[in-house]
Amino acid sequence: MSTARCRSTPTLSWDFSKTMTKMTFIQPDGAAQTVDAENGLTVMEAAKLNDIAGIEAECGGACACATCHVYVDEAFRAATGKPAAMEEDMLDFAFDVREGSRLCCQIKITSAIDGLVVRVPAKQF
Ligand code: FES
């Protein structure tokens, strides 16, 4: 006769809020779209997954096209960091570069940028 006993199963829990980060894309006409994006993706990938208008991302995130140009809201510039040299070079090809201009394929999503606000330029090139 078996003496196996039923063991209690440990309760597994996962706090999904720690793996998802909220961000808002604002179009040139002021229309805003807020999305939840998985940490570890890039802001460009979040934009493409959510069909954000105006983010072309023709090179697929290789920092070789400048068609994922966005303006990072001033409140998030420290958290998103400054563009690396290669990104700076590529920004030379972007339309209407301003303070806060970034190629969003180069911004990794982490909880540190939760609430990120970026503005989409009037055109990409
Ligand atoms: S997707 Fe091409 S530079 Fe960002």
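Refer to the structure printed above.
Residues numbered from 1 in each chain as written. Predicted model: local features only at pLDDT ≥ 70, side-chain atom pairs only at ≥ 80, totals over all residues. Heavy atoms only, no water.

A. Just the overall build of the protein, in detail. For the protein, the helix and strand inventory stands at three helices and five strands. Classification of the 125 residues of the protein by burial places 38% in the buried group. (Helix = DSSP H or I, 4+ residues; strand = E, 2+ residues; numbered from the N terminus. Buried < 20%, exposed > 50% of the residue type's maximum accessible area, 1.4 Å probe, protein only.)

B. Quick peek at the packing of aromatic side chains. Counted according to the given criterion, the structure contains zero aromatic pairs. Arg98 extends its terminal NZ or CZ atom over the ring of Tyr71, reaching a point 4.3 Å from the ring centre. (Phe/Tyr/Trp six-rings, centres within 6.5 Å; stacked < 30°, edge-to-face > 60°. Lys NZ or Arg CZ within 6 Å of the ring centre and 35° of its normal.)

C. Molecular detail of the pattern of salt bridges. One pass over the full model with this rule turns up five salt bridges. One salt bridge in this structure joins Arg119 and Asp73, with 3.1 Å as the shortest N-O distance. Of this pair, Arg119 sits in strand E5 (residues 116-119) while Asp73 sits in the loop between strand E3 (69-72) and helix H2 (77-80); the two residues are 46 residues apart in sequence, bridging distant segments of the chain. Its relative accessible area of 22% is what places Asp73 among the partly exposed residues. In this structure, the salt-bridge partner of Arg98 is Asp96, at a minimum N-O distance of 2.7 Å. With a relative accessible area of 36%, Asp96 lands in the partly exposed category. (Salt bridge = Lys/Arg side-chain N within 4 Å of Asp/Glu carboxyl O.)

D. The arrangement of the sheet that holds strand E2 (residues 32-38) in detail. Spatial ordering of the open sheet is given by E2-E1-E5-E3-E4, a layout of five strands whose pairing is mixed. Two strands in the sheet have a free side with no partner beyond their single neighbour: E2 and strand E4 (101-103). Within this sheet the neighbouring strands show an average axis-to-axis angle of 40 degrees, counted without direction. (Pairing = 2+ DSSP bridges. Axes fitted to C-alpha atoms, helices over the stretch in contact; angles between N-to-C directions.)

E. Representation of the pairing of strand E1 (residues 20-26) within the structure. Most of E1 is tucked away, with five of its seven residues classed as buried. The pairing of E1 with E2 spans seven bridges and is classified as antiparallel. Each bridged residue has a counterpart across the sheet, and for Phe25 the counterpart in E2 is Gln33.

F. A look at unusual backbone geometry. The phi dihedral of Ala57 falls on the positive side, at around 55 degrees, and the residue is not glycine. In this structure, Ala57 sits in the loop between helix H1 (43-49) and E3. In this structure, Asp96 takes a positive phi of about 50 degrees despite not being glycine. Here Asp96 lies in the loop between helix H3 (85-91) and E4.

G. Fine view of the nonpolar core. Counting residues in hydrophobic clusters, the biggest one holds 31 residues, and the most contacted among them are Met23, Val43 and Ile55. If you list the elements that add at least two residues to this core, you get E1, E2, H1, E3, H3 and E5. Here this core takes four residues from H1, the largest share from any one element. In contact with Met23, other than residues within four places in its own chain, are Gln33, Thr34, Val35, Ala37, Val43, Ala46, Ile109 and Leu116. (Core = buried A, V, L, I, M, F, W, Y, C linked by side-chain atoms within 4.5 Å. Contact = heavy atoms within 4.5 Å.)

H. Local environment of the side chain of Glu87. Structurally, Glu87 is set in helix H3. A polar contact of 2.8 Å, which involves the side chain of Glu87, links it to the backbone nitrogen of Leu103. Not counting residues within four places of it along the chain, the set of residues in contact with Glu87 comprises Cys63, Arg102, Leu103 and Gln106. (Polar contact = N/O pair within 3.5 Å; in protein donor to acceptor, adjacent residues only side chain to side chain.)

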